[in-house]
Amino acid sequence: MTAVPERDRTTRAARPAGPARGHLARAGAAAAVLALVVAAAGTASAQEGPGFATPDEATVVPGVMTYTAGEAQCTANFVFTDGADVFLGQAAHCAGTGATTEIDGCETGSLPLGTPVEIEGAEHPGTLAYSSWLTMQETGETDPDACRYNDFALVRIDPADIGRTNPTMPFYGGPTGVDPDGTRAGDPVFGYGNSSLRQGITALRPRTGVSLGTTGGGWTHQVGTVLPGIPGDSGSGYLSGDGTALGVLSTLNLAPVAGANGVSDLRSALDHANGPGGFGGALRLVTGELPFTPNPVPVDLG
């Protein structure tokens, strides 16, 4: 792992080896293919009928690998919609052009919007449609907690691949909504990573653990899990104990616990995207079609 300056003790979850947020042309086909109904504030659900694939048949789901500009491998977290397009979430730093120790999204460089993103299981590349880093740089964000921990991006799924997509989290089910108030130390958390370093072993993807507390003015949650997030898991999603979407894997930490991970708060990231990010309140998480089950990690680490 890259050496970390003593003052930071944190590094972005490295990947194995711009302009203002433009409103990309909204494909009417996406809205026609996907019928959405508002389920709760900040969430939407897919109606029965044409649209998403079933959970068993889908090939584009939370936890698939993404390759930004064909190189940086990350893991998608959840599925989102603004009512016209459908997106996969990933970490903003997956498009970063700086070193893994550069963790300030208000200063670190990023590839531009429109950058192609290969999506595992899709037949067409997606496109980088939103980056919290680019938005904060454009708007002159000065909140140090937001600059450090707002690590969220959206990849627009090609309309032709929506029929291959499902929002259900593998292994656990859900998400059941967006976590409204974060976690306290000791609360259970569940993650699903898909680093290429795991060599495609499905049993190594789920992660179960506990929160170590919320810091950064509510922008980040420190978590300790079995197994911990590793390079390539960047951007993967975490669920709270009730199955709500908690956040996005952002950092590998050396303190307070070596091997812990920093998870960017999803509620805060969505609020920012719907405000300065330009979505105007339209961006919503799409909830899973299967109920959440807090399954234990299926590997014997003893």
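Residues numbered from 1 in each chain as written. Predicted model: local features only at pLDDT ≥ 70, side-chain atom pairs only at ≥ 80, totals over all residues. Heavy atoms only, no water.

Visitor: I'd love a proper account of the packing of aromatic side chains, names of residues and values included.
Guide: All chains considered together, the criterion is met by seven aromatic pairs. The interplanar angle of 55° and the centroid separation of 6.3 Å between the aromatic rings of tyrosine 130 and phenylalanine 152 together place this pair among those described as tilted. On the criterion of sequence distance, the pair formed by tyrosine 130 in strand β9 (residues 126-131) and phenylalanine 152 in the loop between α3 (144-149) and β10 (153-156) is long-range, its members being 22 residues apart. A single burial state applies to tyrosine 130 and to phenylalanine 152, both of which are buried. Judged by centre distance (5.5 Å) and plane angle (70°), the ring pair of phenylalanine 190 and phenylalanine 292 falls under edge-to-face. Of this pair, phenylalanine 190 sits in strand β11 (residues 188-192) while phenylalanine 292 sits in the segment after β17 (284-286), and the two are 102 residues apart along the sequence. (Phe/Tyr/Trp six-rings, centres within 6.5 Å; stacked < 30°, edge-to-face > 60°. Helix = DSSP H or I, 4+ residues; strand = E, 2+ residues; numbered from the N terminus. Buried < 20%, exposed > 50% of the residue type's maximum accessible area, 1.4 Å probe, protein only.)

Visitor: Can you explain the environment of asparagine 295? Please cite residues and give values.
Guide: Inspection of the secondary structure puts asparagine 295 in the segment after β17. Here the alpha-carbon distance between asparagine 295 and phenylalanine 190, two residues 105 residues apart in the chain, equals 8.8 Å. Here asparagine 295 is in contact with Phe171, Tyr172, Phe190 and Thr208, once residues within four sequence places are set aside. Among the polar contacts made by the side chain of asparagine 295, one reaches the main-chain carbonyl oxygen of phenylalanine 171 at a distance of 2.6 Å. (Contact = heavy atoms within 4.5 Å. Polar contact = N/O pair within 3.5 Å; in protein donor to acceptor, adjacent residues only side chain to side chain.)

Visitor: Tell me about the state of the cysteines, and name the residues and values.
Guide: Two cysteines, two sulfur atoms, one covalent bond between them: this is a disulfide. Summed over all chains, the structure comprises two disulfides. Covalent S-S linkage joins cysteine 74 and cysteine 94, the inter-sulfur distance amounting to 2.1 Å. Measuring handedness by torsion sign, the sulfur bridge of cysteine 74 and cysteine 94 sits at about -110° and is left-handed. With cysteine 74 in strand β5 (residues 72-75) and cysteine 94 in the loop between β7 (86-90) and β8 (116-119), this pair connects stretches of sequence that are 20 residues apart. Sulfur-sulfur distance for the disulfide between cysteine 106 and cysteine 147 comes to 2.0 Å. The chirality of the disulfide connecting cysteine 106 with cysteine 147 is left-handed, given an S-S dihedral of about -85°. Here the residue cysteine 106 occupies a position in the loop between β7 and β8, and cysteine 147 occupies one in helix α3, the gap between them amounting to 41 residues. Judged by its relative accessible area of 6%, cysteine 147 is buried. Within the protein, bonded cysteines paired by disulfides and numbered along the sequence follow the pattern 1-2, 3-4. (Disulfide = S-S within 2.5 Å.)

Visitor: Please provide a residue-by-residue account of unusual backbone geometry, values included.
Guide: Cis geometry is adopted by the peptide bond preceding proline 175, which originates at glycine 174 and carries an omega value of 0°. Its identity as a non-glycine residue notwithstanding, alanine 69 has a phi of 55°, on the positive side. Following the sequence through the fold, alanine 69 ends up in the loop between β4 (65-68) and β5. Under the relative-accessibility criterion, alanine 69 is labelled partly exposed at 39%. Positive phi, normally seen in glycine, also occurs at phenylalanine 171, with a value near 75°. Checked against the element boundaries, phenylalanine 171 lands in the loop between β10 and β11. On the basis of relative accessibility, which here comes to 35%, the residue phenylalanine 171 falls in the partly exposed class.

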